[in-house]
Amino acid sequence: MAGESWPSKKVERMAQEMSWKDFSAMEDREKVPFLNNPNGNPFHVLFAQQFNRENLDLLCQVAEKARLINKDRKKGREFLKSLLFGTYALNFFAQPSTRTFLSFQTAQEVLGMGIRDIRDPSTSSEAKGETLEDSIRTFSSYVDLVVMRHPHEGSAELGAWVLNKSDRRIPIINGGSGKDQHPTQALLDIYTLYKSFDGQIDGRTIVMVGDLARGRTVRSLSYLMKNYQGVELFFVSPPHLRMRDDIKDFLDRHDIFCQEEDDLEEVIPLADAIYMTRVQDEWDEKHIKGKGVPVRLKFRQPIGPKYRFKKEYLEWMKKDAVLMHPLPKRDEIEEEVGYSSDSRVVFWRQERNGMWIRVALIAVIFGKEKEILDYQMSSP
Ligand code: NCD
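Everything numeric in this text was worked out from a predicted model, so none of it was measured.

Asker: Hey, could you run me through the site of the ligand in this one?
Answerer: With respect to spatial proximity, the complete set of residues near the ligand consists of Thr100, Arg149, His182, Gln185, Arg216, Thr217, Arg278, Gln280, Pro326, Leu327 and Pro328. Contacts to the ligand include threonine 100, whose side-chain N or O atom sits 2.9 Å from an oxygen atom. Proline 326 places a main-chain nitrogen or oxygen 3.0 Å from a nitrogen atom of the ligand. Summarising the interface, the protein chains cover 94% of the accessible area of the ligand, which totals 310 Å² for the free molecule.

Here it is in structure tokens:
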């Protein structure tokens with residue numbers, strides 16, 4: 001049902017013979033033929049590096065058009081629902097989620113898909129000792145698309161590997177994998193920048209703030225920056241939560257300017273976008289001495305005043321800059337800012353954009369982009 005299948009017979013044969021060890025050991029760019037459709041659009045969505053400028057521009061255009069079509073409550077909505085009528089999606093979320101889960105579910109409904117979900121792995125056969133591979137292979141017996149959020153890095157990749165071997169090869173979308181990647185969040189962040197700057201992301205200065213070490217959204221968004229010319233990145237974080245070297249090396253290799261900055265106040269006036277993040281303290285573990293059993297710390301770590309966006313900073317921001325956050329937020333943004341009427345505070349719009357970019361992504365995976373772009377709106 002989805003996409004146009006394999007780029008070539010050779011890739012198909014290789015995928016079917018390849019062990020997990022060999023697949024996972026490949027460089028990300030070597031994996032791309034095993035993830036994309038022959039036309040270069042995504043089939044499986046695992047990581048941000050698999051997207052090129054053409055994919056990103058297409059997704060933003062399809063999201064814009066779908067949003068417009070949906071305004072026509074009768075004909076427009078019926079048309080969107082007809083696109084994937086009779087197909088099914090499974091949302092398998094083994095980690096907490098509000099926005100990603102709801103926006104995927106709603107996007108699937110906009111496109112007319114039937115929806116299934118598993119949100120508590122203790123209710124699935126994983127609890128009886130089934131491997132994740134077998135569970136994912138089983139999902140493909142019933143549905144046409146899997147969206148998966150999982151605490152383990154590489155879990156969506158494992159899913160793609162097993163589905164590539166299956167005679168029901170269905171697409172899998174990574175809805176967040178451990179501390180590593182959250183590619184669809186990065187897509188919605190790009191769509192938000194695209195809308196905020198009339199499609200002009202090239203040459204912008206983006207300041208990322210907070211837990212950059214474990215924030216998978218900032219990692220995925222940094223990877224996507226390779227697709228834009230002249231972007232400059234500033235990373236502002238407490239010393240123990242700095243952006244990891246793999247991302248900094250990637251940016252270096254792609255000639256993208258990035259600089260660590262200690263003082264948020266210094267860079268606010270330079271920014272076109274300020275991207276705040278919370279402390280990801282669910283990843284903090286302490287080990288009970290002697291037993292080696294990891295125990296989650298129960299307290300919430302505050303970010304510290306130096307990394308908090310204060311209300312007065314709105315006055316220091318450029319007139320056309322935007323304040324973003326993947327949400328959920330905590331103390332890293334002063335509460336009043338969240339409900340201010342300042343149109344540069346865009347995070348609520350950003351979460352809504354998430355639904356439309358996911359409509360676009362699913363439509364593109366299933367090869368429906370042309371139908372959406374060619375749809376003739378009836379005059380009011
Ligand atoms: C993010 C996530 O889960 O990685 N949330 C989201 O998907 N909107 C960010 C976060 O939890 O801090």
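Asker: Mind showing me how you'd approach the pattern of salt bridges here?
Answerer: Proximity of charged atoms lets side chains of opposite charge pair with each other. Applying the stated criterion to the full structure yields 26 salt bridges. Between lysine 311 and glutamate 336 there is a salt bridge, with the nearest N and O atoms lying 4.0 Å from each other. Separated by 25 residues along the polypeptide, lysine 311 in the loop between β10 (294-296) and α13 (313-316) and glutamate 336 in helix α14 (residues 335-338) bring together distant segments of the chain. According to the relative accessible area criterion, glutamate 336 is exposed, its value standing at 51%.

Asker: Help me understand the packing of aromatic side chains in this model?
Answerer: Here the structure, examined in full by the defined rule, presents 12 aromatic pairs. With a centroid separation of 4.2 Å and an interplanar angle of 25°, the aromatic rings of phenylalanine 79 and tyrosine 375 are classed as stacked. Of this pair, phenylalanine 79 sits in helix α5 (residues 75-83) while tyrosine 375 sits in the segment after α16 (369-374); the two residues are 296 residues apart in sequence, bridging distant segments of the chain. Accessibility expressed as a relative area gives 15% for phenylalanine 79, which makes it buried. Look at phenylalanine 309 and tyrosine 313: their rings are 5.4 Å apart centre to centre, the planes differ by 85°, and that puts the pair in the edge-to-face class. Tyrosine 313 sits in the buried class, given a relative accessible area of 1%. Through pairs of rings, three or more aromatic residues link up here, namely Trp20, Phe23, Phe34 and Trp161. Taking NZ or CZ as reference, lysine 31 lies 5.9 Å from the ring centre of phenylalanine 23, over its face. Over the ring of phenylalanine 101 we find arginine 119; its NZ or CZ atom is 3.8 Å from the centre of that ring.

Asker: Looking at this structure, I do not really get unusual backbone geometry. What am I missing?
Answerer: Most peptide bonds take the trans form, and the phi angle of most residues other than glycine is negative. A cis amide bond links leucine 327 with the next residue in sequence, proline 328, at an omega value of 10°. Here proline 328 lies in the loop between β11 (322-324) and α14. If you check the backbone angles, aspartate 255 has positive phi at about 55° while not being a glycine. Assignment of secondary structure puts aspartate 255 in the loop between α11 (245-253) and β7 (257-260). The class of aspartate 255 is exposed, set by a relative accessible area of 73%. Residues other than glycine seldom take positive phi values, yet leucine 327 does so here, at roughly 65°. Among the secondary structure elements, leucine 327 is positioned in the loop between β11 and α14.

Asker: Is there a simple way to explain the packing of helix α9 (residues 183-196) against helix α15 (residues 347-365) in this structure?
Answerer: If you want to describe how two helices pack, look at the angle between their axes and the distance between the axes. Relative orientation of the contacting elements α9 and α15 amounts to 110°, with a least axis distance of 8 Å. By the angle between their directions, the pair α9 and α15 is classed as roughly perpendicular. As for the relative orientation of α9 and α15, their crossing is right-handed in sense. When α9 is examined against α15, the residues Thr184, Gln185, Leu187, Leu188, Asp189, Tyr191, Thr192 and Lys195 are found in contact with a partner set consisting of Gln350, Asn353, Gly354, Trp356, Ile357, Arg358 and Leu361.

Cut-offs used in this document
- Residues numbered from 1 in each chain as written.
- Predicted model: local features only at pLDDT ≥ 70, side-chain atom pairs only at ≥ 80, totals over all residues.
- Heavy atoms only, no water.
- Near = heavy atom within 4 Å.
- Polar contact = N/O pair within 3.5 Å; in protein donor to acceptor, adjacent residues only side chain to side chain.
- Areas by Shrake-Rupley, 256 points an atom, 1.4 Å probe, with all protein chains shown as cover.
- Salt bridge = Lys/Arg side-chain N within 4 Å of Asp/Glu carboxyl O.
- Helix = DSSP H or I, 4+ residues; strand = E, 2+ residues; numbered from the N terminus.
- Buried < 20%, exposed > 50% of the residue type's maximum accessible area, 1.4 Å probe, protein only.
- Phe/Tyr/Trp six-rings, centres within 6.5 Å; stacked < 30°, edge-to-face > 60°.
- Lys NZ or Arg CZ within 6 Å of the ring centre and 35° of its normal.
- Axes fitted to C-alpha atoms, helices over the stretch in contact; angles between N-to-C directions.
- Parallel < 35°, antiparallel > 145°, perpendicular 65-115°, else oblique.
- Left-handed = near helix turned anticlockwise from the far one by under 90°.
- Contact = heavy atoms within 4.5 Å.

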